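# Survey of secondary and tertiary structure
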Protein chains: 2
Amino acid sequence: MREVAVVGVGMTEFGELWEKSLRDLIVESSLKAMDNAKVDAVDGIYVGAMSSGLFANQEHLASLTADYLGMVGVPATRCESACISGSLAFKTAFLDVASGYSDIVLVTGVEKMTDVSGDKAVAGLSTAADDEFESYNGITFPGLYAMIANAHMEKYGTTRRQLSLVAVKNHENALKNPLAQYRMKVTPEAVEGSVMVADPLHILDCSPITDGAASVIIAPVELAKEKFKDHRIVKVAGIGHATGTIALHSREDLTYLDVVAKAGERAYKMAAVTPKDIQFAEVHDCFTIAEICELEALGFCEKGEGGKMTEKGETKPDGRIPVNVSGGLKAKGHPVGATGVSQIIELVEHIRGEAGERQLKNANIGLAQNLGGSGGSSIVTILKGLGTGE
Amino acid sequence: MREVAVVGVGMTEFGELWEKSLRDLIVESSLKAMDNAKVDAVDGIYVGAMSSGLFANQEHLASLTADYLGMVGVPATRCESACISGSLAFKTAFLDVASGYSDIVLVTGVEKMTDVSGDKAVAGLSTAADDEFESYNGITFPGLYAMIANAHMEKYGTTRRQLSLVAVKNHENALKNPLAQYRMKVTPEAVEGSVMVADPLHILDCSPITDGAASVIIAPVELAKEKFKDHRIVKVAGIGHATGTIALHSREDLTYLDVVAKAGERAYKMAAVTPKDIQFAEVHDCFTIAEICELEALGFCEKGEGGKMTEKGETKPDGRIPVNVSGGLKAKGHPVGATGVSQIIELVEHIRGEAGERQLKNANIGLAQNLGGSGGSSIVTILKGLGTGE
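Residues numbered from 1 in each chain as written. Chains lettered and ligands numbered in written order. Predicted model: local features only at pLDDT ≥ 70, side-chain atom pairs only at ≥ 80, totals over all residues. Heavy atoms only, no water.

### Side note on the packing of helix H7 (residues 160-174) of chain A against helix H11 (residues 288-297) of chain A
All names here are of chain A.
- Where H7 meets H11, the closest approach of the two axes is 8 Å, and the angle between their N-to-C directions is 95°. Regarding the angle of H7 to H11, the classification is roughly perpendicular. Across the interface between the two elements, Gln162, Leu163, Val166, Ala167, Lys169 and Asn170 from H7 touch Thr288, Ile289, Glu291 and Ile292 from H11.
- Taken together, the residues of the contact of H7 with H11 break down into five nonpolar, three polar and two charged. (Axes fitted to C-alpha atoms, helices over the stretch in contact; angles between N-to-C directions. Helix = DSSP H or I, 4+ residues; strand = E, 2+ residues; numbered from the N terminus. Parallel < 35°, antiparallel > 145°, perpendicular 65-115°, else oblique. Contact = heavy atoms within 4.5 Å. Nonpolar A, V, L, I, M, F, W, Y, C, P; charged D, E, K, R; others polar.)

### Focus: the relation of the copies chain A and chain B
- The two copies are related by a screw motion: chain A maps onto chain B through a turn of 180° and a shift of 0.0 Å along the axis, at an RMSD of 0.0 Å. What the rotation and shift describe, once combined, is the action of a two-fold rotation axis. It is serine 99 of chain A whose C-alpha, among those of chain A, lies nearest the rotation axis, at 1.9 Å.
- Same-surface contact between copies: 100% of interface residues of chain A are shared with the interface of chain B. (Least-squares fit on C-alpha atoms with pLDDT ≥ 70 in both.)

### Comments concerning the confidence of the model for chain A
- With 99% of its residues at a pLDDT of at least 70, chain A reaches an overall mean of 97.
- Overall fold confidence for the complex sits at a pTM of 0.98, while the interface term, ipTM, reaches 0.97. (pLDDT = per-residue confidence, 0-100.)

### As for the interface of chain A and chain B
- The interface is formed by 62 residues belonging to chain A together with 62 residues belonging to chain B.
- For the pair chain A and chain B, the interface holds six salt bridges.
- At the surface where chain A touches chain B, the tally comes to 37 residue pairs in polar contact (both at pLDDT 80 or more).
- For the side of chain A that touches chain B, the secondary structure elements donating two or more residues are helix H2 (52-56), helix H3 (61-68), strand S3 (76-80), helix H4 (85-99), strand S8 (234-243) and helix H10 (258-271) of chain A.
- No other element matches the seven residues that H4 of chain A contributes to the side of chain A that touches chain B.
- Tallied by class, the residues present in the side of chain A that touches chain B amount to 28 nonpolar, 22 polar and twelve charged.
- Sheet topology places S3 of chain A next to strand S3 (residues 76-80) of chain B; three bridges connect them, and they run antiparallel. Directly across from glutamate 80 of chain A, in S3 of chain B, lies its bridge partner arginine 78 of chain B. (Salt bridge = Lys/Arg side-chain N within 4 Å of Asp/Glu carboxyl O. Polar contact = N/O pair within 3.5 Å; in protein donor to acceptor, adjacent residues only side chain to side chain. Pairing = 2+ DSSP bridges.)

Take a look at the structure:
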């Protein structure tokens, strides 16, 4: 397998973008990434989107992308695995380039979610759960994650305040992210006083409904060294991909995201690193409890210690391992198919030293973790900057 | 890139399978392919489905597949590109194995279409067209292909009878396919006397709404030689993938499927063959006119000669190049995501010499061509049997 690098990044603002259509978002972010890489053509296109059929009445999205980018003819593939659709498109594109089939490939994650009513958006998202046993019986994702939160609180003594502190940190981080949907400071009291969605989760524990797109350009490392010299080269050091049971009730332990642990182990092994080597991370905080469970499953702390680790400030930008410096899904927004790609962009910008106000001091090796449904799938991607003995 | 072989095949019956759910179909066909290959585990899973969200209220289909096959943990990816979703899953899986990332991979194409009403099925299918410019204005696929047919008849003198002869041949072929949806003989008069859908296309010019799944197991050729000795080894000699404009009105010549020509050229180049080397083919006859256009775009005849080639009987099982011996989409049925994989199965069975009553005499090299929408995407796959000097 050839080594692969990310050589271009670009994304739209995340938010309620009523003046932009699905195809507008795709084109805007794709062209930004192509401009960033300074390429005007690609060999392949991968699109990550969860449910453009239900949210925007449009499947066949990869062809639409090639067409509206003025690149009719170029092979284009859409990948879907609920909320990891973006990182799945990235992984699939990675294999395309690693195999030697393609050289320069565009990956665009997108979701246009606010063109449908709120109940239709929730119904669309529910197709990531088990339709016959979960959605059919009326449960939606806040309810599923509330069960995870209750189990975690009971088993490990995780507190309501610790959940709040995830939201507080990620909203604080988003203040420095000009593309984030909710650039506003929140207090623990504000989280706990906001509308209850599914006990113990309040609305400020939940990531929002968002429109947006995020794109990267990838190429073989050897080609990157030769042709993409404007930015530091960022190598894909490891990608781990795993599935979990699609239904929450099939799991032995609701509190442990085994799917994240498996994807993490595979990524660490491929990158030949351990959790201690990771300098910063973007994790899938679709709900505050998810970030806590993921810190544990990724090996950043012991099982049951995610809440305490958060309370100690270890995941703040100046902490032991900064997590979701971008604002995370919670405050940056969660346009489902775009999220995984936007996580990778955040890593690349820090590793390049181009993250502006958010720039971390030690950022040579970062990890992005994306989660599908209540834990039906996960991808963990580890990126490393070249030029530090690599 | 490593060479890749198909080492196992299996599919469900195609039809209105009201007693089988989406997951039942996936499991049945996947286990058949695993039994055929004699494997009880795989390294990766690829699922092709066009719109399980709109047809069955279920996205996150790849995780569902891993889960219901008892293979939780295995990386699983869903691919979508309208009606080529099945062959796209196959191509993407091919790159996974070719890259060296995975060894033994399952590919399952599926669509469960009859759980929704007829108008919802048509609306779901319409998401393969350009939503903003085509579907929104009320046109559906029979209308789009009717425009192609009218243009072809006007430009080349293709006759109504020639269209009928495509349906007559494919229904005749399906009589020998125990898994086909419509195993019935039709006459040209029956086609022309059937209900008009969109002039000049009658209902017997159209492929049906179908439930079904089709699966293959792939592995590196080297591993196949060592471990999969029960059947003749069938190598993936070439895969070509291309996009076209998603909207029909964007094309300069309605009669020419440029997307098929491009995908074909790429596949021929990779396999180092020409159209004359192809001994038999499965092509995407979603409407009778489509088969005629595809014969031309694949180089089996000159532009405009597809109707005449059909009339001369050259595409019959005993003709110069047998086309759609399986019955094609027309008579075998068209469960959208399953179609591309079922085409590959048909090639494998003939090349292995295991096609039963349908077995062709000369079947060492075959071609499968899958088409998305009205020509927004296409994949052409060429398979070759080993053991003939390979």
